[in-house]
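As a plain string of letters, each chain reads:
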Amino acid sequence: MIGIWLLLLFVIAPIGLVIHETGHIIAGFLCGARYSVLSVGAGNSILRIKFQKLHIIVGRIYFLGGYSINVKDPDFSCLQKVWISLAGPFANSIVFLCFMNIKLGYENEVLLFSFFNLYMAVINMIPFKIGKRKSDGYLVLENLRAKRVES
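Here is what the cut-offs are and how they apply
Residues numbered from 1 in each chain as written. Predicted model: local features only at pLDDT ≥ 70, side-chain atom pairs only at ≥ 80, totals over all residues. Heavy atoms only, no water. Helix = DSSP H or I, 4+ residues; strand = E, 2+ residues; numbered from the N terminus. Expected span 1.5 Å × (residues − 1). Bend = angle between axes of the 7 residues up to and from the residue. Phe/Tyr/Trp six-rings, centres within 6.5 Å; stacked < 30°, edge-to-face > 60°. Buried < 20%, exposed > 50% of the residue type's maximum accessible area, 1.4 Å probe, protein only. Axes fitted to C-alpha atoms, helices over the stretch in contact; angles between N-to-C directions. Parallel < 35°, antiparallel > 145°, perpendicular 65-115°, else oblique. Left-handed = near helix turned anticlockwise from the far one by under 90°. Contact = heavy atoms within 4.5 Å.

A. Molecular detail of helix α1 (residues 2-30). The end-to-end C-alpha separation of α1 is 41 Å, in line with the 42 Å expected for 29 residues at 1.5 Å each. Of all the bends found along α1, the most pronounced is centred on Leu8 and spans about 40 degrees. Looking one or two places after α1, you find Gly32, whose phi comes out positive at around 95 degrees.

B. Fine view of the packing of aromatic side chains. Considering all chains together, one arrives at six aromatic pairs under this definition. Judged by centre distance (4.8 Å) and plane angle (80 degrees), the rings of Phe10 and Phe63 are edge-to-face. Here Phe10, found in helix α1, pairs with Phe63, found in strand β2 (residues 54-71); they are 53 residues apart in sequence, far enough to count as distant. By relative accessible area, Phe63 is classed as partly exposed at 23%. Ring geometry for Phe99 versus Phe113: centroids 5.0 Å apart, planes at 80 degrees, classification edge-to-face.

C. Spotlight on the environment of Gly3. Structurally, Gly3 is set in helix α1. Along the primary structure Gly3 and Leu38 are separated by 35 residues, whereas in three dimensions their C-alpha atoms are 28 Å apart.

D. Here's a closer look at the packing of helix α2 (residues 78-99) against helix α3 (residues 107-125). Look at α2 against α3: their axes get within 8 Å of each other, and the N-to-C directions meet at 155 degrees. By the criterion of interaxial angle, the relationship of α2 to α3 is roughly antiparallel. α2 and α3 meet at a crossing whose hand is left-handed. Between α2 and α3, the contacting residues are Leu86, Pro89, Asn92, Ser93, Val95, Phe96 and Phe99 on the first element and Val110, Phe113, Ser114, Phe115, Asn117, Leu118, Met120, Ala121, Asn124 and Met125 on the second.

Everything listed is a geometric property; what it means functionally is a separate question.
Written out as structure tokens, the structure is:
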């Protein structure tokens, strides 16, 4: 039983985080980002890669959180920000659907990976703010409100 928790913490969660943040990055590039940063983990960086307009940072505690930043001049429109915010949970949802019924002889592990991606999609769509950190759902509502005020 402890093995499944270690698998979840050290393998499945970081992969799910990368999938989520990659969704935001792809949407950012599709909306014209000048450059993007994908960061996974916390603490001092153990890996920094710059590939054209993408900067990747991996923290020493690689399984603890992640974020992405998309930069554009002028800034993204409110609707582009909504699309970028939705893209992370959307990426996790696609992975959930793709892996839900795969039979490889590792059904428990694949099912855990699938449901972790569903968890990431659902939790990130709940609008909440903790300190300066905002969930994707919060950002969607914030930008939809700002769009309504603009109109």
